[in-house]
Amino acid sequence: MATPARFPNLLAKPPALTHFRLMPSKQNRSGKLISFEGSEGSGKSTQIARLAAHLQKLSRDVVTVREPGGTEVGEQIRNIIVHNSKGEEMCAETELLLFAAARAQLVREVIAPALLRNTIVLSDRFLDSSTVYQGVARNLSMDPVNHINLFAVGNVMPDITVVIDVPTDVSLARIRRRASDLPDRMERENIDFYTKVREGYLVLAKGLPERFIVVDGTQPEDAVEKKIWTAIKDRLD
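Residues numbered from 1 in each chain as written. Predicted model: local features only at pLDDT ≥ 70, side-chain atom pairs only at ≥ 80, totals over all residues. Heavy atoms only, no water.

1. Focus on the side chain of Thr-71
How we decide: Secondary structure elements follow DSSP: runs of H or I no shorter than four residues count as helices, runs of E no shorter than two count as strands, and numbering proceeds from the N terminus. Only protein chains enter the accessibility calculation, which uses a 1.4 Å probe. A residue is then buried if its area is under 20% of the maximum for its type, exposed if over 50%, and partly exposed in between. A 3.5 Å cut-off defines polar contacts: any pair of N or O atoms within that distance qualifies, except that in protein one atom must be a possible hydrogen donor and the other a possible acceptor, and neighbouring residues in sequence count only when both atoms are side-chain atoms. Residues count as neighbours in contact if any of their non-hydrogen atoms are within 4.5 Å of one another.
Mapped onto the elements, Thr-71 comes out in the loop between β2 (62-66) and α2 (72-83). Judged by its relative accessible area of 5%, Thr-71 falls in the buried class. At 2.8 Å, the side chain of Thr-71 and the backbone nitrogen of Gly-74 are in polar contact. Beyond its immediate chain neighbours, meaning those up to four positions away, Thr-71 contacts Gln-105, Leu-106, Glu-109 and Val-110.

What follows is the structure, given as structure tokens:
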């Protein structure tokens, strides 16, 4: 199973940057950013909707966003990443920079203003996706990945990250069962790719237990919902 030794630089602290636009830090914002991570088919969208419903029952303002996307600029970038006819020719470095560009726009246009309004932001993926998908699974060096991540998000980091963990074979089976569309570019990756993705998330969660919550995504949806809500509700204030 995943160990820090297999990915020695995964938890390395990114180098300090002085050139990014200052964003709201945890000290000067009243809202919270909760990101959801996991392999394709893990059930993130379902659980984000369920968590949003719990929060709204408490009269909390909630904004949900997705990556890449969430803004007009970001949605156009998403189309390039996911559906471009030449997508199979895209190199890992281009993919990383496109994700970062969409994320930078989302942070500045949507997430940062919401956090300053005491809103809870639920994000379907955030910077940990780049660490895992492009850094681990695409085998890019962690130093530039971390540097680009930090440049894109500035001071805006998740308060809580929920990883919905499913075995790789379960993830791929769920993708195949989707009836709506043909698999997109990311969903067409092979089992080795998604094994690395899963292991990368588990290494991150083990190294940053104060931020990460890992939930068994093979459980029934109601059980997953209960586990997430139990873990999150006491961290809201």
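2. Looking at the packing of helix α3 (residues 92-116) against helix α5 (residues 142-153)
What counts is decided by this rule: Axis definition: a line fitted to C-alpha atoms, limited for helices to the stretch in contact. Angles are taken between N-to-C directions and run from 0 to 180 degrees. For this classification, under 35 degrees means roughly parallel, over 145 means roughly antiparallel, 65 to 115 means roughly perpendicular, and everything else is oblique. For a crossing to be left-handed, the near helix must be turned anticlockwise from the far one by less than a right angle; the clockwise case is right-handed.
For the pair α3 and α5, the least separation of the axes is 8 Å and the interaxial angle reads 25 degrees. Relative to α5, the element α3 is oriented roughly parallel. When the axes of α3 and α5 are compared, the crossing they make is right-handed. Counting all contacts with α3, which are made through Leu-96, Leu-97, Ala-100, Arg-103, Ala-104, Val-107 and Arg-108, the residues of α5 involved are Val-145, Ile-148, Asn-149, Phe-151, Ala-152 and Val-153.

3. A short note on the packing of helix α4 (residues 127-137) against helix α7 (residues 191-207)
Cut-off, in case you're wondering: Charged means Asp, Glu, Lys or Arg here, nonpolar means Ala, Val, Leu, Ile, Met, Phe, Trp, Tyr, Cys or Pro, and polar covers whatever is left, Gly included.
One can describe the packing of α4 onto α7 by two numbers: an axis separation of 9 Å at closest approach and a directional angle of 130 degrees. Classified by the angle their axes make, α4 and α7 are oblique. Crossing handedness for the pair α4 and α7: right-handed. Taking contact as the criterion, the partners of Asp-128, Ser-129, Thr-131, Val-132, Tyr-133, Val-136 and Ala-137 in α4 are, on α7, Phe-193, Tyr-194, Lys-196, Val-197, Gly-200, Tyr-201 and Leu-204. Residue classes in the contact of α4 with α7 are distributed as nine nonpolar, three polar and two charged.

4. Some details on the sheet that holds strand β4 (residues 160-165)
As a general point, the strands of a sheet are linked pairwise by backbone hydrogen bonds and lie either parallel or antiparallel. To be explicit about the condition: Paired strands are those between which DSSP finds at least two bridges.
Taken together, the five strands give an open sheet; going across it, the order is β2-β3-β1-β4-β5, and neighbouring strands pair in parallel fashion. On the outer flanks of this sheet lie β2 and β5 (212-216), each paired with one strand and no other. Within this sheet the neighbouring strands show an average axis-to-axis angle of 20 degrees, counted without direction. Bridge count for β4 against β5 is five bridges, and the pairing is parallel. When the sheet's bridge partners are listed, Ile-164 is paired in β5 with Val-215. Across the sheet, α4 touches β1 (32-37), β4 and β5, and the angle it forms with β1 is around 25 degrees.

5. With respect to the environment of Ile-232
Within the secondary structure layout, Ile-232 lies in helix α8 (residues 221-233). Each C-alpha atom of the pair Ile-232 and Leu-51 lies 9.2 Å from the other, and the pair is 181 residues apart in sequence. In this view, Ile-232 contacts Ile-34, Leu-51, Ile-160, Val-162 and Ile-213; residues no more than four positions away in its chain are not counted.

6. Brief notes about the pattern of salt bridges
Inclusion rule: Salt bridges are defined as contacts in which a side-chain nitrogen from Lys or Arg sits within 4 Å of a carboxyl oxygen from Asp or Glu.
Counted by the stated rule, this structure contains 11 salt bridges. The residue Arg-125 makes a salt bridge to Glu-37 at a minimum N-O spacing of 3.6 Å. Of this pair, Arg-125 sits in the loop between β3 (120-124) and α4 while Glu-37 sits in strand β1; the two residues are 88 residues apart in sequence, bridging distant segments of the chain. Sharing partners across several salt bridges, the network here consists of Arg-50, Glu-221, Asp-222 and Glu-225.

7. Brief notes about the packing of aromatic side chains
Within a pair of aromatic rings, the relevant descriptors are the distance that separates the centres and the angle that separates the planes. Let me state the cut-off plainly: Pairing of aromatic side chains requires ring centres within 6.5 Å, counting the rings of Phe and Tyr and the six-membered ring of Trp. Pairs whose planes differ by under 30 degrees are stacked, by over 60 edge-to-face, and all others tilted.
A full pass over the atoms with the stated rule returns three aromatic pairs. An aromatic cluster is present here, built from Tyr-133, Phe-193, Tyr-194 and Tyr-201 joined pairwise through their rings.

8. So, the pairing of β1
Among the six residues of β1, six are classified as buried, and the element is accordingly described as predominantly covered. Here β1 runs beside β3; their pairing, made up of five bridges, is parallel. Paired with Ser-35 across the bridge in β3 is Ser-123. Here four bridges tie β1 to β4, and the two strands are oriented parallel to one another. Residue pairing for β4: Phe-36 is matched across the bridge by Val-162.

The values are spatial; any link to function lies outside them.
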